[in-house]
Structures are given as C-alpha cells and as structure tokens.
Amino acid sequence: MKRYVLVRALYSVVTLWLLVTIIFGLVRLTGDPVAMKAEAGADPAYVAQLRHSWGLDQPLHRQYLGFVSRLLRGDFGHSFEKSLPVRDIYFERLPNSLKLGFAAFLFSLALGVPFGMLSALKVNSWWDSAGKMVALLGLSMPGFFVGLVLIIIFGIQLGWLPVLGKGPSAVVLGEPSTWITFWFRDWAHLVMPAFALGWYFSGAMLRITRSGMLDVLGSDYIKLVRLKGVPESVVVAKHALKNSLIPVLTFAGLNLLVMVNVAIVIEVIFNWPGVGQLLYDALSNRDFPMVQGVVLMSGLLIVVLNFTIDVLYGYVDPRIRLSR
Amino acid sequence: MRRGLPLLLVALTLTAMSPDGATGQQPPILSGPLAKLDIKPAQIEARATPKGTLTVAMHFALDPGWLDPLEHSYAVTMQMYDYLVHDAMIKPMPHAWVSYGLAEHAEMAADFRRAAFRLRPGLKFHDGQPLTTADVKWTYENFKGAYAKVFQDKLEHVQVIDDRTIVFHFKEPFIDFMDLYNGGVSGIGWIVPRHYYEKVGRDGFKARPIGAGPYRLVSQQAGAQMVFEAFDGYWRRTPATRTIVVKGIRDPATRMAGLQTGELDLAFGMTGKLLPRLMSDRTLRWDPNFTGPWWLMFPGYSEPGSPFRDKRVRQAVSLAINRPFLVKQETQDISKPWGNWISPENRDALQGQDAPVPEYNVEKAKQLMTQAGFPDGFEVEYLPFPPYFDMGERILTDLRAIGIRGKLQSLEGPAFRAKIGQGRKGVPGHRTIVQNIDPRAGGSKSNIAVYAVCGSPASFVCEPQIEALWTKHQASLDQAERERLVKSIQRIVLDEHYFVPLYLNSFVHGIGPRVLPEGKGVGKYWDTLNAPYPWPWEVWEVKADR
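Scope of this entry: the structure provided in the associated data block. Counting from 1, residues in each chain are numbered in the order their sequence is written. Just so you know, chain letters begin at A and ligand numbers begin at 1, following the order they were written in. Where local features are concerned, this predicted model is filtered to residues with pLDDT of at least 70; where side-chain atom pairs are given and counted, the filter is 80 or more; whole-chain, interface and lining totals use all residues.

It is worth spelling out the overall build of chain B at this point. Going along the chain from the N terminus, every DSSP run of H or I of four or more residues is numbered as a helix, and every run of E of two or more is numbered as a strand. When helices and strands are tallied, chain B shows 16 helices and 21 strands. Relative to the 2.2 N^0.38 estimate, which gives 24 Å for 546 residues, the radius of gyration of chain B is 24 Å and therefore close to what a compact globule would have. Taken along its principal axes, the extent of the C-alpha atoms in chain B is 70 × 60 × 55 Å. Counting other C-beta atoms within 10 Å of its own, a residue is labelled buried from 20 upward, exposed at 12 or fewer, and partly exposed in the gap between, with every C-beta atom placed from the backbone. When the 546 residues of chain B are sorted by exposure, 54% land in the buried category. We compute the radius of gyration over the C-alpha atoms and compare it with the globule rule, which gives 2.2 Å times the number of residues raised to the power 0.38.

Structure below.
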C-alpha cells in the first residue's frame with residue numbers, strides 16, 4: 001500500500017509540473033500584456049520600465065525558473081492587471097466560488113438524484129418521460145441562457161431577486177465570525193446563479209442516477225431481496241440506492257470542482273465575484289501571473305482530489321493496488 | 001423676492017470663493033518675468049450633509065493599481081479613481097480645463113525653467129495628517145507612471161520654500177510642464193501622502209490607499225468592487241453622496257439588467273445593441289458622453305505599390321463613407337459626423353468650418369479611383385477597433401461601392417493595441433485600413449505627437465512637411481506660434497487625407513432613477529472637458545437610501 005501511495009503521489013507531482021510548464025508556455029503565446037497598460041505612443045522608457053517590473057525583459061528560461069522557484073515558496077507573483085499578489089486575490093475570491101459551487105451542487109443533487117430514482121423506479125412511465133425531458137433540457141439549455149431568462153423574469157419583470165453580485169457579506173481573513181455569517185447571508189443573491197449553474201449538472205446527474213439505479217435494480221442480489229419478501233420501499237432505500245449512488249457521488253465530486261473553478265459564464269452574467277470571473281478577466285487582459293495562479297490552483301484541487309480518490313480506491317479494493 | 005434671489009446667489013458664490021484666495025491678489029513666488037497661465041480659480045461650494053448611495057458599474061474589472069497615482073499609466077480610467085480618493089495641484093473641472101485644486105496659486109517663469117505652486121491652507125489627508133509641499137516633492141520624485149522620464153530628465157532640483165510653497169527648477173525650458181502636470185494628463189500632480197505610503201508600501205497602498213480627495217476607500221474586493229465614503233474634511237465641499245460603490249461589470253446585458261432592477265444608478269459603456277433598450281426605457285436616462293472621433297488610417301500608404309500612396313484613393317475612401325447612416329446604425333443618431341480625428345474638446349483642435357464634415361459622394365469617389373488607375377478597385381485588409389466589428393462591416397459595405405473589397409480581421413483588444421502601439425511597423429503590408437479612436441487629453445499636440453510624427457513609436461504618418469512644422473513647434477517658446485503650428489499640421493493631415501475622420505463617438509452612460517436631479521439636468525455631471533467619465537464625484541447627488 002505504501003508503494004502504491006508513493007507512486008500515485010509521484011504521478012500527482014509530475015502532473016502538476018506538466019501543468020505548470022504548459023500554462024507558463026501557453027499564456028505567453030497569447031500576446032504582450034504590456035500593450036494593455038501602455039497606450040499607443042507611450043514613452044519607450046515607460047514601456048521598458050513596465051516590462052522590467054513585470055520581469056518580461058528576461059529570457060524565457062529565466063522567467064520560467066523564477067516562476068517555478070517562487071511557486072515552490074508559495075508565491076504566485078503579482079497580478080499585472082490588479083497590481084496585488086495573486087495569492088491574496090485568489091483566496092479573496094475562492095469563498096465566493098465555493099459558496100456558489102456548493103449551492104449549485106446541492107441544487108443539482110436535489111433535482112437530479114430524486115428525479116433519476118423516480119425515472120428508474122417508474123421506468124417507461126409518465127414519470128420516466130418527464131425525467132428524460134428534464135435531463136434533455138438540462139443538458140441542452142446552456143447555463144447562460146437559463147441565467148438570462150431568470151434575470152428577465154425574476155429580476156427585471158417581477159423584481160423578486162437581485163441580479164448583481166453576491167451581496168454585501170464577505171469573508172474577512174482576520175475575522176472568523178465572518179466565515180460563518182458569509183454562508184448564511186444574502187441568499188437572495190445566490191438563488192438565480194446557483195440554479196443556472198446547477199441546472200446543467202442536474203440533467204447529467206439525473207441520467208447517471210437513473211442508469212445506475214436501473215443496473216442495480218436488475219442485479220441478482222436485488223432480485224433475491226425481493227424474493228425474500230422485503231417491502232419495495234426497503235429494497236429501494238436500503239439496498240438499491242446505496243449501491244447505485246457510488247458512481248453518482250464520484251461524478252458529483254468532480255462536478256463540484258468544476259462548478260467551483262470554472263463557472264465563468266454564470267459568474268460573468270450575474271457579476272458573481274468568483275474564481276471563474278477572475279480567470280476570464282485575467283485571460284482578457286493577458287494577466288500572466290493571474291492566469292497561471294488560477295489555473296494552477298484549480299489543477300491542484302483536481303490533482304489532490306484524484307490522488308485522494310486513487311488512495312481510497314486502493315484502500316477499499318486491494319485488486320487495484322496489487323495490479324500496479 | 002424672485003428677482004433678488006439670483007443676486008443673492010451670486011453674492012454668496014463670490015463670498016464662498018474668496019477664502020480660496022485665488023480670486024484675490026496672491027503674493028508672487030518667483031522673481032523675474034512670468035509666462036501667462038490660464039488656470040481658473042477653484043469653485044468652493046456650500047457644505048451639506050452627504051446622503052444616499054451611488055452604485056456605479058465600470059465596463060471592465062477594477063484594478064487596485066488605479067488607486068495609486070505614483071504608477072499612473074496612460075489610461076484615462078485611472079483618473080476616475082484619482083478624482084475619488086486623491087486631489088491634484090491643478091486639474092480639469094467642469095468650469096475649466098485647468099482649475100486650481102490643491103494649489104491656490106501657480107507661476108511659470110517666462111523662460112519656462114521654473115514653476116512654482118502655493119498650496120491652499122489647511123489641507124489634510126484622510127488620516128488627518130496635513131498635506132504639505134514635502135508630499136508634493138516626494139510625489140514628484142517617486143512618480144513612476146507615464147511621462148516619468150520626461151519629468152525626471154527635465155528636473156534640476158526641487159526647492160521647498162515652506163510648507164505651502166514649492167518651486168521646480170528645470171535644466172532647460174519645460175514649456176509643456178503645466179500641461180503635463182495637469183491632473184487630466186498625468187498622475188504626477190495627484191499628491192500622495194509620503195508618511196503613509198512609506199509605512200504601508202506599494203501593495204499596502206493599493207489595497208488601502210489614502211489621499212486628500214473627496215472620498216476615502218473603505219473596502220475593496222480586487223477586480224470586483226470598491227466602496228468609498230464621503231470625506232467631510234475635503235477642502236472644496238462636502239461630497240453630496242455619502243457612499244459610492246463601484247462595481248466591475250464586463251457584460252453589457254448585466255449592466256443593463258442592473259440599471260433596470262435599480263441595483264445600479266450609473267452604468268458606463270451602454271453603446272451597441274443595448275442602446276435602443278436603454279433609450280426606450282422610460283425609467284432610465286442616458287448621457288451621450290462624446291469622447292473622441294473615429295478615424296481611418298492607411299499604415300502602408302507611403303510604401304511603393306500601395307494604392308493608398310495616391311492621395312486620390314485616400315480621398316475616395318473618405319467620399320465613399322456615408323457618415324450619417326453609419327451614425328444612425330451604430331449609435332441611434334446620437335453621435336455626430338465629424339471632420340477631424342482629434343476631439344473638439346482637446347485644445348487647438350480644428351473644428352467647425354476649419355474642419356468640415358467630409359462629403360458623401362460615391363460618384364466622385366469612383367471617378368477618383370478611375371483617375372488613380374483603380375477603376376475596378378482592389379482588395380484590402382481591414383482592422384476594426386475591437387469590439388466594434390459591426391461598424392467595420394458597415395464601413396466595408398460602403399467601400400465595396402467603389403470597388404474596395406475588404407477582408408475584416410477581427411483582433412482581440414490586446415492584440416489590436418499591440419499592433420497600434422507599434423504604428424506602421426505593427427501593421428505590415430501596404431493594403432490595410434485601420435480604424436481607430438483615441439480620446440486622449442493634453443491638447444491636440446498630444447494626438448499629433450503620437451500618430452502623425454516620424455519619431456513616435458505609434459507613428460502612422462511620417463511626412464517631411466509635417467516634421468518641419470513639428471520641429472519648429474518643439475523648439476518654440478511662443479504659445480501662439482505653437483498653436484498655429486499644431487493647427488497647420490492638422491490641416492495637412494486632413495487635406496492630404498492621411499487620416500479619414502468618421503464621426504464623433506458617443507460612449508453612452510446609462511443613469512438610474514435615483515440620481516438627482518430628476519430629468520435631463522443630470523447632463524451637468526458630464527461637463528468636465530476631455531473626461532470620458534463624469535467627474536468630479538463630490539457633486540453627484542442621489543436620493544437618500546431607502
């Protein structure tokens with residue numbers, strides 16, 4: 001087991017190194033960030049000074065080595081566009097993304113899992129058709145469209161819900177009390193973006209729950225339980241649901257990460273100050289350090305999650321660790 | 001009683017202006033003959049209790065760096081934050097392009113080798129510390145933004161006479177000093193508190209800046225939101241609005257929705273497809289906010305083989321464009337067809353009869369094309385200013401009528417700016433038309449210096465005739481002569497059709513119902529010359545918070 005964990009850890013490190021190198025190279029192919037700050041006709045001395053202060057006057061390999069050595073010290077550099085340390089800005093935004101991501105995640109679970117179960121239990125019935133329709137709409141109606149429709153109906157026409165941002169509550173690093181109040185305030189601001197973001201994932205969740213449930217319901221052990229005369233509600237709740245949720249939860253975990261890290265469109269539409277909008281702004285402005293920082297942190301979360309899952313799989317199923 | 005009221009108001013205004021000192025006789029600072037300066041007295045206004053919250057939407061992400069005048073770039077956006085948090089020695093205000101700010105008196109020696117300022121008494125930063133000439137000197141010496149090298153290269157030394165009086169000594173005549181020191185042009189005149197900056201450092205200052213302006217920053221979330229509270233110690237007046245919240249909202253539809261739901265009171269950049277919606281909403285108002293003219297450039301016109309080498313072809317391009325139709329399509333008829341490439345609000349810009357709107361005459365354009373040897377036209381690349389791609393398509397449709405067939409090259413903002421920043425070198429080839437706009441301040445000479453002289457990194461015109469005039473301009477210490485030369489250069493650029501002006505752009509701002517006064521009176525907030533945003537902020541009034 002020890003060797004297995006070490007090998008997985010090594011894989012994770014290599015993956016992160018590849019990510020660091022690729023993102024470093026890719027952002028530099030997108031153009032010159034100095035052009036964003038220095039207008040046409042800018043004094044060449046000012047342009048040179050800007051380039052120097054951003055470290056862009058150094059050869060690429062020096063920039064790369066400097067970037068990696070700073071990373072190892074936990075320093076993501078200074079944002080070109082926002083003029084502050086990338087790490088500070090990222091961690092200021094992360095709670096907002098977590099709040100939106102968790103809310104959307106809960107919504108997708110609340111809609112996807114029960115409907116998926118119902119579709120599987122009442123297969124080929126009206127319920128199943130309705131479930132299929134919900135899944136189809138969820139997967140085919142993009143989040144931005146849903147978001148805009150919500151804004152028009154509930155924001156502009158009815159005036160029930162605010163359309164901009166996350167509300168006044170915020171996490172303040174030095175004040176732990178704000179960490180709790182942040183999660184439970186300004187829910188009106190959260191409703192529409194969470195629905196629009198979770199909508200797509202609920203469709204996918206519904207499909208996976210349905211197929212997982214159908215597989216389990218058709219399995220031999222469920223047939224045996226039924227033959228024993230166990231009531232159907234117990235068969236479903238105690239025996240079928242538990243086993244059918246394993247792939248659903250794996251999928252949901254990855255979905256949660258996606259919702260937290262790359263809810264770019266929804267964050268832009270609702271002006272939600274999260275990590276996705278940060279990345280969008282950074283890409284638009286050629287803010288190399290910020291793009292690198294956000295992508296690396298997102299990558300790090302995914303790598304850590306995958307590593308944890310791999311280790312857990314290895315722990316739960318000895319065949320996996322023995323085969324490597 | 002009614003007739004007496006205006007007289008009373010005038011008397012009150014005059015009384016209010018006298019403590020400013022600018023209306024009275026100021027004791028001289030410099031010895032010897034002085035240059036004539038046109039700096040208007042500040043208007044000190046009545047104090048009142050601030051009320052209400054003004055929520056403003058910028059059309060891009062907010063940069064904490066904008067709060068630090070020491071790193072002031074060329075971007076005019078920074079000035080919006082200068083006008084909130086900081087204050088300048090001299091700056092544009094609604095009543096004058098140059099008005100006294102922190103300084104109540106300024107002098108420039110006739111030989112342009114010395115400039116002197118006297119600060120008004122009792123100035124304070126937001127932390128209550130006095131603002132003195134030591135801060136003015138420190139700001140000058142530590143400034144790293146646009147034009148920093150010019151300021152440092154020209155400076156011989158700074159002489160602090162006392163807490164309120166300072167003299168800048170230059171190595172050579174620095175005739176442009178007062179223009180560049182103006183808060184509307186660079187960041188060096190916006191005074192930063194030395195004691196605080198040195199204590200918190202660069203990052204600390206950007207995160208929690210203090211200044212001597214009408215508002216102090218109380219919180220910010222980098223890129224997303226900044227919250228400002230009125231500073232009741234501001235010398236000119238107590239701000240009318242208690243809180244100003246600025247949000248960075250890129251998506252125009254979101255800004256529109258924010259105005260409609262009342263979450264926003266003011267939204268910038270409401271042009272394009274949303275404009276009809278804004279104009280048709282009876283609860284909202286808008287300001288045309290004219291910025292600068294659009295114009296076309298021909299980067300490779302001087303190269304052999306370029307069809308644009310022939311003046312007649314460049315003129316044909318101008319004649320082929322239906323400006324009134326373009327204005328209607330692009331801006332719902334708000335903008336104005338224009339005859340110059342320099343904003344009329346920029347000093348010495350040709351306008352009116354001196355720069356009439358070019359005619360629309362397709363037949364004449366075709367004749368010119370035939371005379372130039374292009375009866376069947378030719379193909380070109382067309383670089384539109386992002387994201388105005390629809391406008392580019394419309395212009396290409398007009399050009400097609402005279403045989404000029406264009407391929408639109410859609411570039412993203414940074415890529416386009418990188419090309420423009422390199423001038424002709426950035427746009428290789430000799431069959432390209434570039435569409436541009438640049439509402440820069442600093443007088444017409446600044447537009448010429450960037451686009452129409454050989455030495456500029458962003459030069460698109462390099463002509464011996466213009467160079468001779470420009471050299472003369474740079475050497476001259478006579479303001480009247482400089483003005484004449486600047487106008488002559490513009491005349492050449494327009495007569496030779498090196499640049500083809502299109503229309504004076506309106507960068508429409510949307511206004512919500514909570515902003516006072518009701519009705520069209522809100523237009524007064526856009527009175528400051530060369531200001532793409534409606535400063536000064538201390539005059540903005542809104543209804544009290546619910």
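Most peptide bonds adopt trans geometry, and most residues besides glycine take a negative phi value. Pro386(B) connects to Pro387(B) through a cis peptide bond whose omega is 5°. Looking along the chain, the bond that leaves Leu516(B) and enters Pro517(B) is cis, with omega of 0°. Turning to its location among the elements, Pro517(B) is positioned in the loop between β20 (515–516) and β21 (541–542). Positive phi outside glycine occurs at Asn271(A), with the angle close to 50°. Note on placement: Asn271(A) falls in the loop between α12 (264–269) and α13 (275–284). Given 26 C-beta atoms within a 10 Å radius, Asn271(A) is considered buried. Positive phi is not limited to glycine here, since Asp333(B) has a value of about 70°. Looking at the element boundaries, Asp333(B) is found in the loop between α10 (323–331) and β14 (336–337).

Turning to the pairing of strand β18 (residues 499–506) of chain B, a few remarks are in order. Residue and element names in this part refer to chain B. Here β18 lies mainly inside the structure; eight of its eight residues are buried. Here a strand pair is declared whenever DSSP counts at least two bridges between the two strands. Across five bridges, strand β13 (residues 290–297) lies against β18 in antiparallel orientation. Across the sheet, Pro-293 pairs through a bridge with Leu-504, a residue of β18. Relative to β18, β14 runs antiparallel, the two sharing two bridges. In the strand pairing of β18, Pro-337 is matched with Tyr-503.

The next point concerns the sheet that holds strand β4 (residues 103–108) of chain B. All names here are of chain B. Within the open sheet, the four strands sit side by side as β4-β5-β7-β6. Their pairing is antiparallel. Strands with a single pairing partner mark the edges of an open sheet, and in this sheet they are β4 and β6 (155–160). Averaged over neighbouring strand pairs, the angle between their axes works out to 15° when direction is ignored. Across five bridges, the pairing between β4 and strand β5 (residues 114–119) is antiparallel. Following the sheet pairing, His-105 is matched in β5 by Arg-118. Contact between residues is assigned whenever the C-beta positions, reconstructed from backbone atoms, fall within 7 Å. The axes are straight lines fitted to the C-alpha atoms, using for helices just the contacting stretch, and the angles between their N-to-C directions are given from 0 to 180°. In the packing of helix α3 (residues 133–142) onto the sheet, contacts are made with β5, β6 and β7 (165–170), and the angle to β6 comes to roughly 165°.

Attention now moves to the packing of helix α9 (residues 311–320) of chain B against helix α11 (residues 362–371) of chain B. Residue and element names in this part refer to chain B. Running from amino to carboxyl end, α9 crosses α11 at an angle of 160°, the nearest separation of the two axes being 8 Å. Judged by the angle between their axes, α9 and α11 are roughly antiparallel. Relative to α11, the crossing made by α9 is left-handed. Across the interface between the two elements, Arg-312, Val-313, Gln-315, Ala-316, Leu-319 and Ala-320 of α9 pack against Val-362, Lys-364, Ala-365, Leu-368, Met-369 and Gln-371 of α11. Should an angle fall under 35 degrees it is taken as roughly parallel, and over 145 as roughly antiparallel, whereas 65 to 115 is taken as roughly perpendicular and any remaining angle as oblique. When the near helix sits turned anticlockwise from the far one by under a right angle, the crossing is termed left-handed; a clockwise turn instead gives a right-handed crossing.

A word on the nonpolar core. One recurring pattern in soluble globular proteins: nonpolar side chains tend to sit buried together. Core analysis: the largest hydrophobic core is formed by 150 residues, its most contacted members being Ala104(A), Leu84(B), Met89(B), Ile90(B), Leu102(B) and Ile244(B). Beyond its immediate sequence surroundings of up to four residues, Ala104(A) is in contact with Ala194(A), Leu197(A), Gly198(A), Phe201(A) and Met259(A). A set of buried residues drawn from Ala, Val, Leu, Ile, Met, Phe, Trp, Tyr and Cys, joined through C-beta atoms within 7 Å, is what defines a nonpolar core.

What follows concerns α9(B). An α-helix turns once per 3.6 residues; consequently, residues spaced three or four apart project the same way. Residues and elements named next belong to chain B. Counting buried residues in α9 gives eight out of ten residues, a clear majority hidden from the surface. All buried positions along α9 are accounted for by Val-313, Arg-314, Gln-315, Ala-316, Val-317, Ser-318, Leu-319 and Ala-320. For α9, the secondary structure elements touched by its buried residues are β13, α11, α12 (389–400), β16 (404–408) and β18.

Residues and elements named next belong to chain B. One less than the residue count of a helix, multiplied by 1.5 Å, gives the span that helix is expected to have. Between its first and last C-alpha atoms helix α16 (residues 479–495) spans 24 Å; for 17 residues at 1.5 Å apiece the expected length is 24 Å, and the two agree. If you check which residues of α16 are buried, you get Arg-482, Leu-485, Val-486, Ile-489, Gln-490, Val-493 and Leu-494. Here the buried face of α16 lies against α14 (444–451), α15 (464–475) and β18. Downstream of α16 by one or two residues, His-497 has phi in the positive range, about 60°.

With that settled, the discussion passes to the interface of chain A and chain B. Counting residues at the interface gives 39 residues for chain A, matched by 44 residues for chain B. Contributions of two or more residues to the side of chain A that touches chain B are made by α2 (34–37), α3 (44–53), α5 (86–121), α7 (143–157), α12 and α13 of chain A.

Turning to the packing of α5(A) against α13(A), a few remarks are in order. Packed helix pairs are specified by the crossing angle of their axes together with the interaxial distance, meaning the distance between the axes. All names here are of chain A. Running from N to C, α5 and α13 point in directions that differ by 135°, and their axes come no closer than 8 Å. Considering their axes alone, α5 and α13 lie oblique with respect to each other. Each of Ile-89, Tyr-90, Arg-93, Leu-94 and Ser-97 in α5 lies in contact with α13, whose residues at this interface are Val-275, Gly-276 and Leu-278.

In this section: the sheet that holds β13(B). Residue and element names in this part refer to chain B. With mixed pairing, six strands are arranged side by side in an open sheet as β14-β18-β13-β17-β15-β16. Each edge of the open sheet carries a strand with a single partner, namely β14 and β16. Relative to β16, strand β15 (residues 378–383) runs parallel, the two being bridged by five bridges. Its bridge partner being in β16, Glu-381 is matched across the sheet by Lys-407.

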